[in-house]
Amino acid sequence: MSTYYQPRKYPASDFASMQPGAEALPVVVVGAGPVGMAVALGLAQRGIPVTILEAADQVSFGSRAICISRHSLEAAARLGFGAELEKIVLPWVGGRSFYRDQQVLHFRMPQREFDVRPPMINVSQSEYEQIVVDTIEQNPLITLHWQASIAGILRDDDQVTLEVDTAFGKRHLRAAWVVAADGGRSRMRELAGLRLEGTNYEGRYVIADIHWESELPAERMVWFDPPSNPGSTIIMHKQPKNIWRIDYQLDPSEDAEIETREDAIRARITKHLDWLQNDLPWTLEWHGFYSARALALREFTHDRILFAGDAAHLVPIFGVRGLNSGMEDAETLAWQLAAVVHGNADRALLQAYSIERHDAWEQNVANAGKSTLIMSPGTHGYRTTRDAVLALAVNRPEFGELINPRQSSATHARLSPLTWPVAEGLAGVLPGDPVEDRRVRVAAAGGSTESSLNAVRSNGFAVVGFGLDAAGSAALSAAAADLAAALAPESVRAVVVGADSSGADGSDDVTVLDAPDLAEALGATPGEAFVIRPDGLLLCRVPVGALSGVAAALRAGTAPEGPAVPARPAQILTEDEQRRENVWLGLSDALDQVDPSDREGFLVRLALQLGSQAGHREFEEAIAAATDTSPVSTRELAPQA
Ligand SMILES: Cc1cc2nc3c(=O)[nH]c(=O)nc-3n(C[C@H](O)[C@H](O)[C@H](O)COP(=O)(O)OP(=O)(O)OC[C@H]3O[C@@H](n4cnc5c(N)ncnc54)[C@H](O)[C@@H]3O)c2cc1C
């Protein structure tokens, strides 16, 4: 029997227009997608009433995001729906890629003893959103209007007037701040006269959800040029309740209209499952169409309108960074906008939001863009090198690393105007970097209890001191109290690690951690204090005596002058990996620039030059490897359950 998720329907909201002279609403969020709802929960946690306008009468239906990262699960926990979400998800840690019928990559994402959650889980975006709606319905500070579509905006210095289409006619609201989270086709963007800029990729994918009671494990499986569908790329993911997501690439010569008919989709999937020696029945539950885009607004902050999620930026789905990066937008925007709404910070703080999150989009594109060039190479050069990499990877696993999907990882904010400078050469986690959650023990009178760094720091700021004496602990506690007073009602937790906390004010307000590995993991030295922002990024690391400047810098939306935190590569690669990647990208571009009639000549000239720099034996070996790409390993269609 089908278990495909059918979202609940909601009646149209009937609400009155605001009376002239009535005080503007503090915040209206346009769009009850995952990002808009997360912003609303974050603001409500900080005591701010939020009105959400949603055009539809239900959460999204069908297949969109399915891969939710560890970092988003952490955000979900902070926003109050993590525990419910984790009840229905399917965790996974890695995947396999195949070229024709040979395995060419087996990757695993980090899953260490100290981790609190799996690196990735699968769940349908529909069910994810429904859990968030259920959480919102319990929150008296949030009003969600269904079937209320934004139709017009009028901007003043101190408010935005919103014209809303409802089932009962036009309504008008006024808001001091508007969060535009109305998705990739954002009407808010259009009304504000803004356009996305960037790259549209060529490849087109059919996406389908099937119900199939297969015992194959939950992992990412990709086949390039499989015998079942020569020339195509097929991706398979298991979701909860025996739903499988299958994405496959269309050839440029194929007609999308014909290929997205149900009979054509059934035929393709049947061929692939038959080839996997499937003898179980399956049903097609939903299907759609996708092409990759890497587009963003130049700025996300436009006076009183703040763009977030897909309304602000799009990334190709192959690095699973759309919803995941939208959750980061939401958490960052919630604490920064709350500080401004409460009058605790200058509006400059919202420029930091725009700068940080635009840079995060660039980081995501740098990663997802490379995955896209593998999954969906748009030009002759990239298709040729991708196929060559796959053929080489059959016998030389080092080439398989080039097709590692670089699944979503948390982005950093090293370039943010809020990020504090560091002394040159400082090692470990630097300001702007995400601080990973990890298991810790909390010291208590009769021993210690198990917890995690995130649980201890809660959903606000944390000031964490290392190796402090009693006076240091007292200074840290006082600085945390000052910060809390400056940012109220933002929570600020004082935490000391491996310390004598006896001087910390008697100390119910200081949590003492029994976590001997934490200082090493962060690269912290005795006497240092780390200030962690509500969104999990490190704001600064300073001697405990220098904490007093933190509140003032945040209020101004700046950081002290000093040497900037060094740039961080989007992906940490070994020297060899970096070299192979440079060769792949450089060769692809060069092939695309060469006259098509001269491609063979170009490759021979290139090989002659490079070959004459290599030793005789190395060159012979390279010729053998390039000639013989036939498999040596045993045939392995798919991993066994
Ligand atoms: C095939 C596919 C696979 C994907 N896989 C992944 C993945 O595995 N992992 C991942 O992280 N991301 C993935 N994504 C991306 C992810 O789906 C999006 O990034 C995510 O939905 C963005 O959330 P959002 O809240 O910004 O926008 P949306 O989810 O689009 O929500 C916008 C909301 O605004 C509402 N709205 C629209 N217009 C109006 C209006 N005029 N007035 C009021 N409301 C309006 C809409 O009804 C909707 O509810 C995938 C996307 C696709 C298409």
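The rules behind these values
Residues numbered from 1 in each chain as written. Predicted model: local features only at pLDDT ≥ 70, side-chain atom pairs only at ≥ 80, totals over all residues. Heavy atoms only, no water. Helix = DSSP H or I, 4+ residues; strand = E, 2+ residues; numbered from the N terminus. Contact = heavy atoms within 4.5 Å. Pairing = 2+ DSSP bridges. Axes fitted to C-alpha atoms, helices over the stretch in contact; angles between N-to-C directions. Buried < 20%, exposed > 50% of the residue type's maximum accessible area, 1.4 Å probe, protein only.

(A) Summary view of the side chain of Asn454. With respect to the element layout, Asn454 can be found in helix 12 (residues 453-457). Setting aside residues up to four positions removed in sequence, Asn454 forms contacts with Glu74, Arg78 and Asp437.

(B) Region of the structure containing the sheet that holds strand 12 (residues 197-212). Pairing in this open sheet of eight strands is mixed, and the strands run 6-5-13-14-15-12-16-19 from one edge to the other. The sheet is open, and its two edges are formed by strand 6 (102-108) and strand 19 (313-314), each paired on a single side. In terms of strand pairing, strand 12 meets strand 15 (residues 243-250) through eight bridges, oriented antiparallel. Bridge pairing in strand 15 places Ile207 opposite Asp247. Packed on one face of the sheet, helix 7 (residues 262-275) meets strand 12, strand 13 (220-224), strand 14 (233-239), strand 15 and strand 16 (282-296) and runs near 100° to strand 16. Across the sheet, helix 9 (residues 348-375) touches strand 12, strand 13, strand 14, strand 15, strand 16 and strand 19, and the angle it forms with strand 16 is around 125°.

(C) Region of the structure containing the sheet that holds strand 7 (residues 120-122). Reading across from one edge, 3-7-4 is the order of the three strands in this open sheet, with antiparallel pairing throughout. Since the sheet does not close on itself, it has two edges, and those belong to strand 3 (67-69) and strand 4 (90-92), each with one partner. Along the sheet, successive strands turn relative to each other by an average axial angle of 35°, direction set aside. As paired strands, strand 4 and strand 7 are joined by three bridges and run antiparallel to one another. Residue pairing for strand 7: Pro91 is matched across the bridge by Ile121.

(D) How the structure looks around the pairing of strand 14. Burial runs high along strand 14: seven of the seven residues are buried. Along strand 14, one buried face is formed by Thr233, Ile235, His237 and Gln239 and the opposite face, lined by Ile234, Met236 and Lys238, is buried too. Looking at chain direction, strand 13 and strand 14 are connected through four bridges and run antiparallel. When the sheet's bridge partners are listed, Phe224 is paired in strand 14 with Thr233. Two strands pair when backbone bridges link them, and strand 14 and strand 15 are joined in this way by six bridges, in the antiparallel orientation. Bridging from a neighbouring strand, Lys238 pairs with Trp244 of strand 15. Hairpin connection, strand 14 to strand 15: the antiparallel pair is bridged by three residues, and Lys241 has positive phi, about 60°.

Just geometry here; none of it tells us what the structure is for.
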